[in-house]
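# Architecture and fold: a report
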Protein chains: 2
Amino acid sequence: MPIVESIPNVSEGRRPEVIESLASAIRATRGARLLDYSFDASHNRSVFTLVGDPDAVKNATLALFEAALPLIDLRTHRGEHPRLGAIDVVPFVPIEGVTMDQCVALAKDVGATIAERFGVPVYLYEEASANPARKNLEDIRRGEFEGLADKMRQDAWIPDFGPRVPHASAGAAVVGARMPLIAYNINLNTNRLDVAKKIAAAIRQSSGGLRYVKAAGFLLEDRNIVQVSMNLTNYQKTPIFRVFEMVKREAERYGVSILESEIVGLVPATALMSAAEYYLQIERFGPDQVLENKLK
Amino acid sequence: MPIVESIPNVSEGRRPEVIESLASAIRATRGARLLDYSFDASHNRSVFTLVGDPDAVKNATLALFEAALPLIDLRTHRGEHPRLGAIDVVPFVPIEGVTMDQCVALAKDVGATIAERFGVPVYLYEEASANPARKNLEDIRRGEFEGLADKMRQDAWIPDFGPRVPHASAGAAVVGARMPLIAYNINLNTNRLDVAKKIAAAIRQSSGGLRYVKAAGFLLEDRNIVQVSMNLTNYQKTPIFRVFEMVKREAERYGVSILESEIVGLVPATALMSAAEYYLQIERFGPDQVLENKLK
C-alpha cells in the first residue's frame with residue numbers, strides 16, 4: 001500500500017478543545033492514521049502528523065479544513081510564529097511505494113479542491129511549485145496574514161488556486177510536496193557562540209553551503225555549550241553523513257570538536273542506513289538485504 | 001506477532017527434486033514463510049531460511065524432518081562440508097517480539113519432539129546448551145557422521161534428547177538458538193595474503209580477538225586483492241563498526257588500507273543503525289524515532 005505523510009500546521013496552539021476537535025476530524029477519516037500532534041502556546045500553533053494512502057490523506061486534509069475554518073479567525077489570532085492562514089501549511093511527503101511526482105499531483109488536487117470547496121486561496125510550494133520565486137515557504141509567507149490582501153494584488157502573487165483575495169477569517173493556505181525533513185543538531189565542545197554561527201553560515205545553502213541544509217548557531221545556556229541546529233530538507237541529495245563530516249571539518253578549523261549529535265523527532269531508516277554504508281565502506285548492498293524489508 | 005527465524009541446514013545439495021520437496025514441506029506449513037533456499041553441489045548441502053511465530057516454525061521444522069528422513073541416507077552421502085546428520089543443524093533466531101530465552105525454550109521443545117517422534121538423537125548447541133564444551137557447533141560435529149557411533153559411546157557425548165546411538169540413515173541433529181549471524185567481508189588494498197591472515201588472527205575470538213568474531217584471510221584471485229572474511233555471531237555485543245575499526249587499525253600497521261566491505265545475505269536493520277549512531281555520535285536516540293517503526 002502506498003504511504004503518504006502529511007504534516008499540516010494549524011494556527012491554533014492555545015485552545016486544547018479546538019485542537020482536540022481537529023485531531024478527531026483526522027482520526028475519523030477512514031484509512032488515515034494520526035501518528036502525532038503537538039501544540040505551542042507562544043507560537044499559537046499546532047502540528048499534526050498523519051499517514052495513509054493518497055486518497056485517505058486527501059480526505060483527512062479536507063476534513064481538517066472543514067473542522068478548522070469555523071473555529072479559527074486570523075483577524076484576532078496572535079502568536080510568535082509567522083503565518084498566512086488558519087490552516088497555514090500542508091506538505092505531502094512520499095514515504096513508501098509512492099513517488100515525489102505523485103505527491104506533487106496530490107498537492108495540486110487537494111489545493112484545487114480546497115479553493116473550490118472552501119473559497120480559500122491556495123499557494124503551491126516546494127516541489128509542487130514550478131515557479132522558483134514561490135518554492136520557498138518563507139518567501140510565500142512574508143508579510144503574513146496582515147499583509148496578505150496587499151500582497152495578493154501583485155501579479156507575482158496571484159494564487160495557484162482560488163480567489164485573488166484572502167479568505168476573510170482563514171487567509172490563504174500553502175500546499176505542497178517535499179521530502180521528509182530531518183531536524184538534526186550537532187553540539188560542540190565549546191561555549192563560543194561565534195564558532196557555531198560561523199559553522200552554520202559555512203554549511204547552509206543560503207550563504208553558500210550545501211544545497212539542502214538550513215542552519216543556525218545557538219548557545220545552550222544550561223549546558224554552557226553551543227549547537228549548530230539544522231533542518232536537512234532532502235536527505236537523499238544532501239545526506240546526513242556529509243553534513244556531519246563538513247561540520248566536523250569546519251569545527252577543527254577553530255580547534256573545536258564535536259561533542260555529540262541528535263535527531264529531533266522522526267528519521268527515515270534509509271537516512272541512517274546510508275550513513276552506515278558510507279562509514280563502513282559497504283559495496284554491492286541493496287535494501288532487499290535488510291532483514292526487516294524481507295519480512296514485509 | 002512474534003517472529004522467529006530458522007535456518008535448517010540439510011545434507012542434500014545435488015538432487016533438485018529432493019530439495020524442492022523439502023521446500024514444499026516448509027511452504028505447506030500454515031503460518032510459516034520460506035524466505036529463501038539455496039544449495040551447493042560440492043558441499044552437497046542445502047540451506048533453508050524460514051520465519052513465523054514459534055508454533056509455525058516448530059511445525060515447519062517437524063514437517064522438514066518428516067519429508068527429509070525417507071529421502072536422505074548419510075551412509076552413502078559424500079560432500080566437502082562437515083555434517084553429522086541428514087537434517088544437520090537447526091538454529092532458531094529471535095527476530096521480533098521474541099526473546100532469546102523463548103528461542104532456547106523452542107529449541108528444547110523441538111529437540112525433544114524430534115527425538116521422540118523420529119528416533120533421531122539431538123544435541124543442543126549455542127545458547128540452548130548449558131554445557132560450555134557443547135556450545136560450539138564445530139566441537140559437536142567433530143568426527144562427523146562416520147565417527148558418530150564411537151563418539152556417542154563417550155559419557156561427554158550423551159545426546160540431550162533421544163537414543164544414545166545414531167539414527168541409522170540420519171545420524172544426529174544439532175538444534176539450538178543463536179543471534180542472527182552477519183556474514184561480513186572486508187577487502188584490502190593489497191594482494192598480500194599474509195596481511196589478511198594476520199588481521200584475521202588478530203580480530204577473531206579463537207586467537208585472542210573479539211568475542212563474537214570468526215575470521216579467515218583469503219586471496220580473491222580474479223581481483224588480485226585479499227579479503228578478511230568474517231562471521232559476526234552477536235552483532236549486539238560485538239558490533240559491526242567496532243570490527244571495521246579494528247580491521248582498519250590493524251591494516252594500517254602494515255601500510256594497508258580498506259578498499260571496501262560487503263555484507264553477504266541479510267542483515268538486521270539495527271546492526272546498520274547502530275553504526276550510524278556510532279559514527280554520527282548520535283545521543284538520546286530511540287527506535288521509536290525511526291519513521292518505519294512508527295508506521296508499523
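Cut-offs used in this document
Residues numbered from 1 in each chain as written. Chains lettered and ligands numbered in written order. Predicted model: local features only at pLDDT ≥ 70, side-chain atom pairs only at ≥ 80, totals over all residues. Domains from an automatic or database assignment. Least-squares fit on C-alpha atoms with pLDDT ≥ 70 in both. Contact = placed C-beta atoms within 7 Å. Helix = DSSP H or I, 4+ residues; strand = E, 2+ residues; numbered from the N terminus. Buried ≥ 20, exposed ≤ 12 C-beta atoms within 10 Å, placed from the backbone. Pairing = 2+ DSSP bridges. Axes fitted to C-alpha atoms, helices over the stretch in contact; angles between N-to-C directions. Core = buried A, V, L, I, M, F, W, Y, C linked by C-beta atoms within 7 Å. Parallel < 35°, antiparallel > 145°, perpendicular 65-115°, else oblique. Nonpolar A, V, L, I, M, F, W, Y, C, P; charged D, E, K, R; others polar.

## Looking at the domain arrangement of chain A
Split into domains, chain A comes out as domain 1 (3–177) and domain 2 (182–289). Here the C-alpha centroids of domain 1 of chain A and domain 2 of chain A sit 29 Å apart.

## Topic: the relation of the copies chain B and chain A
Note on the identical chains: chain B maps onto chain A by a rotation of 180° and an axial translation of 0.0 Å, with an RMSD of 0.1 Å. A rotation of that kind, with that shift, is consistent with a two-fold axis. Scanning chain B for the C-alpha nearest the rotation axis identifies Ala276(B), at a separation of 2.4 Å. Comparing interface residues between copies, 100% of those in chain B also lie at the interface in chain A; the contact surface is shared.

## Focus: the environment of Asp139(A)
All names here are of chain A. Summarising the element assignment, Asp139 is placed in helix H4 (residues 137–141). In this structure Asp139 comes out as partly exposed when scored by C-beta crowding, with 13 C-beta atoms within 10 Å. Spatially, the C-alpha atom of Asp139 lies 28 Å from that of Phe244, the residues being 105 residues apart in sequence. When sequence neighbours within four positions are dropped, the list of residues in contact with Asp139 reads Ala133 and Arg134.

## Observations concerning the sheet that holds strand E10 (residues 225–232) of chain A
All names here are of chain A. Strand order in the open sheet made by the 4 strands is E9-E10-E8-E11, with antiparallel pairing throughout. Both outer strands of the open sheet, strand E9 (213–220) and strand E11 (258–264), are each paired with one neighbouring strand and no more. Averaged over all pairs of adjacent strands, the angle between their axes in this sheet comes to 20°, without regard to strand direction. Its contacts with the sheet place helix H6 (residues 193–203) against strand E8 (182–188), E9 and E10, and it is angled at close to 175° to E9. Packed on one face of the sheet, helix H7 (residues 240–252) meets E8, E9, E10 and E11 and runs near 25° to E8.

## Description of the nonpolar core
With 176 residues, the main nonpolar core has Ala107(A), Ile240(A), Ala107(B) and Ile240(B) as its most contacted residues. When residues no more than four places from it in sequence are discounted, the contact partners of Ile240(A) are Ile182(A), Tyr184(A), Leu232(A), Tyr235(A), Ala271(A), Ala275(A) and Leu280(B).

## Remarks on the interface of chain B and chain A
Interface size is commonly expressed as the accessible area that is lost once the parts come together. Every contact between the two is made by 35 residues of chain B and, on the other side, 35 residues of chain A. At the level of secondary structure, the elements contributing two or more residues to the side of chain B that touches chain A comprise helix H7 (240–252), strand E11 (258–264), helix H8 (269–279) and helix H9 (291–295) of chain B. Element by element, the count of residues in the side of chain B that touches chain A is highest for H8(B), at 6 residues.

## Let's talk about the packing of helix H8 (residues 269–279) of chain A against H8(B)
Running from N to C, H8(A) and H8(B) cross one another at 70°; their axes reach a closest spacing of 8 Å. Put simply, H8(A) runs roughly perpendicular to H8(B). Residues Ala269(A), Leu272(A), Met273(A), Ala275(A), Ala276(A) and Tyr279(A) of H8(A) touch H8(B), and the partners they reach there are Ala269(B), Leu272(B), Met273(B), Ala275(B), Ala276(B) and Tyr279(B). Tallied by class, the residues present in the contact of H8(A) with H8(B) amount to 12 nonpolar, no polar and no charged.

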